[in-house]
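Chain and residue survey
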Amino acid sequence: MMHILEADGILLDFGAKRILSNIYIKCETNTITGILGRNGQGKSCLLNIIYGNLKPLSKSVRIDKITLNSAFRNNEQLTFLPQFNFIPANLTLDRVFNDFLIDFYSFVDVFSEFKNLRKSTFGHLSGGQRRLVEVFVILKAKSQFSILDEPFSHLTPIQIEKIMELIQYEKSNKGFIITDHLYQNVLDISDAIYLLNNSRTMLINELDDLERFGYVRL
Ligand SMILES: Nc1ncnc2c1ncn2[C@@H]1O[C@H](COP(=O)(O)OP(=O)(O)OP(=O)(O)O)[C@@H](O)[C@H]1O
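Residues numbered from 1 in each chain as written. Predicted model: local features only at pLDDT ≥ 70, side-chain atom pairs only at ≥ 80, totals over all residues.

In the vicinity of the ligand, the contacting residues are Phe14, Ile19, Gly37, Asn39, Gly40, Gln41, Gly42, Lys43, Ser44 and Cys45. Sorting elements by how many residues they give to the shell around the ligand places helix α1 (residues 43–51) first, with 3 residues. Residues belonging to the shell around the ligand are distributed by class as follows: 3 nonpolar, 6 polar and 1 charged. (Near = placed C-beta within 6 Å. Helix = DSSP H or I, 4+ residues; strand = E, 2+ residues; numbered from the N terminus. Nonpolar A, V, L, I, M, F, W, Y, C, P; charged D, E, K, R; others polar.)

For the rest of this paragraph, the subject is the nonpolar core. Core analysis: the biggest nonpolar cluster contains 51 residues, and Leu46, Ile50, Ile147 and Ile177 have the highest contact counts within it. Looking at which element gives the most residues to this core, the answer is helix α4 (residues 127–140), with 7 residues. Apart from the residues within four sequence positions on either side, Ile50 is in contact with Ala7, Val61 and Ile147. (Core = buried A, V, L, I, M, F, W, Y, C linked by C-beta atoms within 7 Å. Buried ≥ 20, exposed ≤ 12 C-beta atoms within 10 Å, placed from the backbone. Contact = placed C-beta atoms within 7 Å.)

This part covers the sheet that holds strand β7 (residues 78–81). Strand order across the open sheet formed by 6 strands is β7-β8-β9-β4-β10-β11, with mixed pairing between neighbours. Edge positions in the sheet fall to β7 and β11 (200–204), since each has one partner strand and no second. Going across the sheet, the axis of each strand differs from the next one's by a mean of 20°, ignoring polarity. In this structure, strand β10 (residues 192–197) lies alongside β11, joined through 5 bridges in antiparallel fashion. Looking at β11, one finds that Tyr194 is bridged to Leu203. (Pairing = 2+ DSSP bridges. Axes fitted to C-alpha atoms, helices over the stretch in contact; angles between N-to-C directions.)

Before going further, it helps to spend a moment on the environment of Arg131. Mapped onto the elements of the fold, Arg131 is located in helix α4. For the pair formed by Arg131 and Asp109, sequence separation is 22 residues and the distance between their alpha carbons is 17 Å. Discounting chain neighbours no more than four positions away, the residues touching Arg131 are Ser153, His154 and Leu155.

Attention now goes to helix α5 (residues 157–170). The end-to-end C-alpha distance of α5, which contains 14 residues, comes to 20 Å, matching closely the 20 Å that a straight helix rising 1.5 Å per residue would cover. Among the residues making up α5, those that are buried are Gln159, Ile163 and Ile167. Burial along α5 is one-sided: seen end-on, the buried residues are contained in an arc of 75°. Those residues of α5 that are exposed and aimed more than 90 degrees away from the buried face are Pro157, Ile158, Glu165 and Tyr169. On its buried face, α5 sits against β4 (32–36), α4, β9 (175–179) and α6 (183–189). (Expected span 1.5 Å × (residues − 1). Arc of directions from axis to C-beta.)

Glancing now at the pairing of strand β1 (residues 4–14). Inspection of the sheet shows β1 paired to strand β3 (residues 24–28) by 5 bridges, in the antiparallel sense. Within β3, the residue paired with Leu5 across the bridge is Cys27. Sheet topology note: the β1/strand β5 (residues 58–63) ladder contains 5 bridges and is antiparallel. Its bridge partner lying in β5, Asp8 is registered against Ser60. As defined by bridge partners, β1 adjoins strand β2 (residues 17–20) across 3 bridges and the pair is classed as antiparallel. Note that in β2 the partner of Asp13 across the bridge is Arg18. As consecutive antiparallel partners, β1 and β2 are separated by 2 residues, and within that stretch Gly15 has a phi angle of approximately 60°, a positive value.

On to the packing of α4 against α5, then. Where α4 meets α5, the closest approach of the two axes is 10 Å, and the angle between their N-to-C directions is 10°. As judged from the angle between their axes, α4 and α5 are roughly parallel. Between α4 and α5, the contacting residues are Leu132, Val135, Leu139 and Lys140 on the first element and Gln159, Ile163, Leu166, Ile167 and Glu170 on the second. The class makeup of the residues in the contact of α4 with α5 is 6 nonpolar, 1 polar and 2 charged. (Parallel < 35°, antiparallel > 145°, perpendicular 65-115°, else oblique.)

Right, here's the structure in full:
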């Protein structure tokens, strides 16, 4: 079934500083929507607002035209990979995968280095291992949409390649909104790109636009 997530009408200030004002983002089932922007432009704030973790002055976030109420949000509609670790340190990987209704061995099939770690607690993993588990469970989560804030950070180049493949495969089941500083990877897998610049989003039609708005030097 096809779904559409849209966000607009967002107004976010920190003190006298306007962070977000003229925003429109759309993501549909079977698509990857990429968000790019220089440091501090508000990408993480925007993703946190869409998920409901950050309360702006105003916002409208809708799935299939129905306003998403953060208080009643459920994991079947939307899941979120934040920038920082969110899985409690005392949970075993077995428990984490069970909670997300994901087969641990589907993970080991791709990342065999985890085959003996099923009973390990999340807190005992290295920083890179923790990130990989979190990225995997969110991208595989059975939700209509998944938001991924910097899914490639702390991963090795081979892991990044595998995660990119998995995201592209999983988009047959859901829609993704993704941002990362590895912009080439975001460009490679995205079906639509928005640039966040001076508190507004711009739909990017050609790569030259990214240069014109000072995001890359091509
Ligand atoms: N709680 C806060 N209080 C005050 N200012 C904040 C707060 N959170 C974020 N900011 C500011 O809002 C702006 C946007 O931050 P945000 O983290 O969303 O940017 P970003 O585009 O994700 O940056 P980066 O690419 O560096 O991760 C920054 O200038 C940041 O300093």
